[in-house]
Every structure is written in structure tokens, then in C-alpha cells.
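Chains, contacts and geometry: an overview
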Amino acid sequence: MAVDMVVASPTPIGSEKIIEGAIELPVVDLSLGERSEMSNLIVRACEKYGFFKVINHGVCEEIIAKMEEESLRFFAKPITEKQLAGPANPFGYGCKNIGFNGDTGEVEYLLLNTHPLSISQRSKTISNDPSKFSSAVSGYIEAVRELACELLDLMAEGLGVPDTSLFSRLITDADSDSILRLNHYPPMPILCKDKDTSPSYNTNTNRVGFGEHSDPQILTLLRSNDVGGLQISLNNGVWFPVSPDPTAFCVNVGDVLQAMTNGRFLSVRHRALTNSCESRMSMAFFAAPPLNTRITALPQMLSGVGTSLYRPFTWGDYKKAAYSLRLGDTRLDLFRKQGEELA
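Residues numbered from 1 in each chain as written. Predicted model: local features only at pLDDT ≥ 70, side-chain atom pairs only at ≥ 80, totals over all residues. Heavy atoms only, no water.

Examining the overall build of the protein chain
Cut-off, in case you're wondering: Only DSSP runs of H or I covering at least 4 residues are called helices, and only runs of E covering at least 2 are called strands; the numbering of each starts at the N terminus. Whether a residue is buried, partly exposed or exposed follows from its accessible area with a 1.4 Å probe, protein chains only, as a fraction of its type maximum: under 20%, in between, or over 50%, in that order. Contacts are assigned to residue pairs that have any heavy atoms within 4.5 Å of one another. Note on areas: Shrake-Rupley with a 1.4 Å probe; residue coverage comes only from the protein chains shown.
For the protein chain, the helix and strand inventory stands at 8 helices and 15 strands. Counting only residues that meet the buried cut, the protein chain has 53% of its 343 residues in that class. Of all intrachain contacts in the protein chain linking residues separated by at least 6 positions in sequence, the fraction that spans at least 24 positions is 77%. Within the structure as shown, the protein chain displays about 15,100 Å² of accessible surface, and the carbon and sulfur contribution to it stands at 52%.

The following block contains the structure:
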């Protein structure tokens, strides 16, 4: 049965409902070895939550530690030095201004193209030791891309797609449009006045770190430190905090994967709030296809439905449309079939 994913307009901080207590997302343990069990768990998680956590993921701790070290070293620089790596147009350093449509948040970030030559060139304005930074970023990207491919193959198996590398080939293509985003949310001292009261769910003091949105790409792999802030919205206006876990990757479905599964997998809205006296840092790998990739619902996803919910589009077309909107605006609905098209 097709899932209607018309998304409501964003609600301002303080007027929505935040559930007390963090949601426990499904956890996929890649060390189990039972592929059918893992693939079925991933499919169920993508259908119900659009999110899951993966542990024993095979990404070397040394690779993660090097990436985190280089990221923290950059964000610890004086603002004048960090600005030498910006503005983010689209790649580079940005602070508070998110994109070009008036979106703002209590965040500073580095947005990087995942191609080695681009990383090497960008490193010269980011680090005092460009080769060390470039090596750390390239090693991290290679490792998380491999993990993303493994997860996408498991998804294809669980969905009964004959060509189980159909999804993963899109992000290993030499022209893949994948990106890496490093986010730093500085501590907000105003939240620390009452040491006996956790500010995590107090909407009177929370500030938006990164506003509500869905990710337009295929899949996102998020790594963060042990500081809360991520929230997901499974119902309009209801937000569920996600407990931080520095040993796991948090994985979520992107708009393109929702379209390819014809709404079976959910690209769920999420956001990050400043909710701690500690700084929060996250590293997000956005797995995306080449710009000219034609996105359509897979034949296996039309069984029992008969038609696709969305018009075919290229990733380049969708990216252009999605990035022209504000964070909270609907995106995939721009390509949703209407009326007679569904008949």
C-alpha cells in the first residue's frame, strides 16, 4: 500500500510537542552475519521510522578519531581563520546562515565535495597541515561510503530487488554527487543556569541548531559525539529526541530512496537543537547519485499498487528544486503525481 507523504508546514519552536524521553531506534548489528535477518530489520526500520542505528559497522575507530580530531581542530580556530575557508558556495565554511534562502541556525559547518581532488584543494584553506586534513577526510569518506554500500545492498536484498547492487552502484559511480558535512553546535551558556535541570526538552530555552528538513539524497550516515540534539518527527508537530550513541552510525532514508521505493521507505523530517552545555559535533555523509541519474520507482515497488506516486526526475533536477526552497518547505511533493496521472 502506498504511503502518502504530504508533509505539514514547519512548526516554530515552543508550539510543537516534544516527547519526554529519547526514542530508541532499531539497532542493526552488522557482526551478526545473518544477512536475511539484518536486511529484514533494516527494511522494517526504513518503513516505520526512516531511521536506524548501526553498530559493529566495520569503520575503523582510528579513521573516525582522525576525522573528529581534524574537525575539532578546525572549529577551534579563530573565526577570522575559519572564514578563509568560506563562504560555503556551495562548498566551504558557513556559520549560522544555512544555504541561500534565509535559513539560520546556531551552527557552523564545513561542506565538502567527496572527490579527492576537491578535498585536496579545499584543505589548503582549511588546515595548517593540508595533507594531514586531506588524508583524514579521504580515509573517512572511503570507509563510510563502503558502509553505505553495504547497507544499500542489504536494503535491496530485503526489498527483493534482483540486482542487489542497484542502489550502491549509484554512489560508487565516479560522478557521484555525494557530500560530507561537518557540523559544530557551540555550547549555549544560557541553558546551563540550573545545573539540576536537564535542558534537553525545555522548548523555552532550546534554540534551533539546524532546522527541520528531510535529506534530499539517497541515504545519510551520521556520526556524532555523545551530546544530544537530534530529533525526528514521526507525526506532524510531534518531535522525538534520539539518544546519542558515539559507538554507532545513525542512518536515515533520503528523498531519492523514498521515491525509488515508491513511498515504502520514509524520508522523515528531523532537526538538531542546541540542548546542552557541551558543544555538539556531527559528521554527515550524504550518499547521492550522479546529477544525470534518472530516478523512478523500481518495478518491484509497484506490485499491488500499479502506478508510481512520483513523476520521473533526474537527481540534478530534484537537487535544483530542493535547494531552491527553505529548509522546512516540502520537496518531494513537487514531483508527486496528481489526479489523472495516478488513475
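A few points about the packing of aromatic side chains
As a reminder of what qualifies: Classification of ring pairs rests on two measures: the distance between centres of Phe, Tyr or Trp rings, Trp counted by its six-membered ring, which must be within 6.5 Å, and the angle between planes, read as stacked under 30 degrees, edge-to-face over 60 and tilted in between. Our definition puts a charge over a ring when NZ of Lys or CZ of Arg is within 6 Å of the ring centre and also within 35 degrees of the ring normal.
Applying the stated rule across the entire model yields 6 aromatic pairs. For Arg223, the ring lying beneath its charged end belongs to Phe249, and the centroid distance is 5.8 Å. Between the NZ or CZ atom of Arg271 and the centre of the ring of Trp239, over which it lies, the distance is 4.2 Å.

Brief notes about the side chain of Ser233
Basically, it comes down to this: Two N or O atoms count as a polar contact when they lie within 3.5 Å, although within protein this holds only if one can serve as hydrogen donor and the other as acceptor, and sequence-adjacent residues are included solely when both atoms are side-chain atoms.
Structurally, Ser233 is set in strand 9 (residues 230-235). A distance of 3.2 Å separates the side chain of Ser233 from the backbone oxygen of Val238, its partner in a polar contact. Beyond its immediate chain neighbours, meaning those up to four positions away, Ser233 contacts Val238, Trp239, Val268 and Arg269.

Focus: the sheet that holds strand 6 (residues 179-185)
Worth spelling out the cut-off: Here a strand pair is declared whenever DSSP counts at least two bridges between the two strands. The axes used here are C-alpha line fits, helices contributing only the stretch in contact, and every angle between their N-to-C directions lies in the interval 0 to 180 degrees.
Strand order in the open sheet made by the 8 strands is 2-3-11-8-13-6-5-4, with mixed pairing throughout. The two strands at the open ends of the sheet, each matched to only one other strand, are strand 2 (27-29) and strand 4 (92-98). Going across the sheet, the axis of each strand differs from the next one's by a mean of 25°, ignoring polarity. Here 6 bridges tie strand 5 (residues 103-113) to strand 6, and the two strands are oriented antiparallel to one another. The residue of strand 6 that forms the bridge with Leu110 is Leu182. Those strands touched by helix 4 (residues 116-126) are strand 4 and strand 5, and its axis lies near 125° from that of strand 5.

Let's talk about the environment of Gly209
Its location among the elements puts Gly209 in strand 7 (residues 207-213). Between the alpha carbons of Gly209 and Arg280 there is a distance of 9.8 Å; along the sequence they are 71 residues apart.

Description of the layout of surface pockets
How we decide: Lining residues are those with an atom within 4 Å of a point, where the points come from a 1 Å grid over the protein atoms alone and group into cavities, where a 1.4 Å probe fits but cannot get out, or pockets, open sets with protein on both sides within 12 Å along at least five of seven lines. Grid points are joined across faces, edges and corners, and a volume is the space filled by probe spheres set on the points. Just so you know the grouping, Ala, Val, Leu, Ile, Met, Phe, Trp, Tyr, Cys and Pro go in nonpolar, Asp, Glu, Lys and Arg go in charged, and all remaining residues, Gly too, go in polar.
Taken as a whole, the largest pocket spans an internal volume of roughly 780 Å³. Along the wall of the largest pocket there are 42 residues; nearest its centre are Ile98, Arg181, Phe210, Phe286 and Tyr323. Counting residues per element, the ones that place at least two in the lining of the largest pocket are strand 5, strand 6, strand 7, strand 8 (219-224), strand 12 (269-274), strand 13 (280-287) and helix 8 (315-323). Across the lining of the largest pocket, the residue classes tally to 23 nonpolar, 11 polar and 8 charged.

Some points on unusual backbone geometry
Residue Pro87 is bonded to the preceding Gly86 through a cis peptide linkage, with omega at -5°. Its place among the elements puts Pro87 in the loop between helix 3 (79-82) and strand 4. In this structure, Lys96 is a non-glycine residue whose phi angle is positive, near 70°. Structurally, Lys96 can be placed in strand 4.

Here we look at empty space enclosed by the protein
Enumeration over the complete set of coordinates arrives at 4 cavities of 30 Å³ or more. Of the pockets and cavities examined, the second largest cavity occupies roughly 130 Å³. Considering the residues around the second largest cavity, the lining is formed by 16 residues, among which Ser224, Ser243, Pro244, Asp245 and Cys250 are closest to the centre. When contributions to the lining of the second largest cavity are tallied by element, the ones reaching two or more residues are strand 8 and strand 11 (249-253). Among the elements that take part in the lining of the second largest cavity, strand 8 stands out by supplying 3 residues, more than any other. Its residues assigned to classes, the lining of the second largest cavity shows 8 nonpolar, 4 polar and 4 charged.

Looking at the pattern of salt bridges
Inclusion rule: Any Lys or Arg side-chain nitrogen found within 4 Å of a carboxyl oxygen on Asp or Glu counts as a salt bridge.
All chains considered together, the criterion is met by 16 salt bridges. A salt bridge links Arg35 to Glu157; the nearest nitrogen and oxygen atoms lie 2.7 Å apart. Linking Arg35 in helix 1 (residues 35-48) with Glu157 in helix 5 (residues 130-159), this pair joins segments that are 122 residues apart in sequence. Among the salt bridges present, the one from Arg269 reaches Glu212, with a minimum N-O distance of 2.9 Å. Of this pair, Arg269 sits in strand 12 while Glu212 sits in strand 7, placing them 57 residues apart in sequence. One exposure class covers both Arg269 and Glu212, and it is buried. Here the residues in one salt-bridge network are Glu69, Glu70, Arg73 and Lys132, joined through shared partners.

With respect to the environment of Phe286
Within the fold, Phe286 resides in strand 13. Along the backbone, Phe286 and Gly254 are 32 residues apart, and their C-alpha atoms lie at a distance of 8.7 Å. Other than its neighbours up to four places away in sequence, Phe286 contacts Ser178, Ile179, Arg181, Asp215, Gln217, Leu219 and Thr220.

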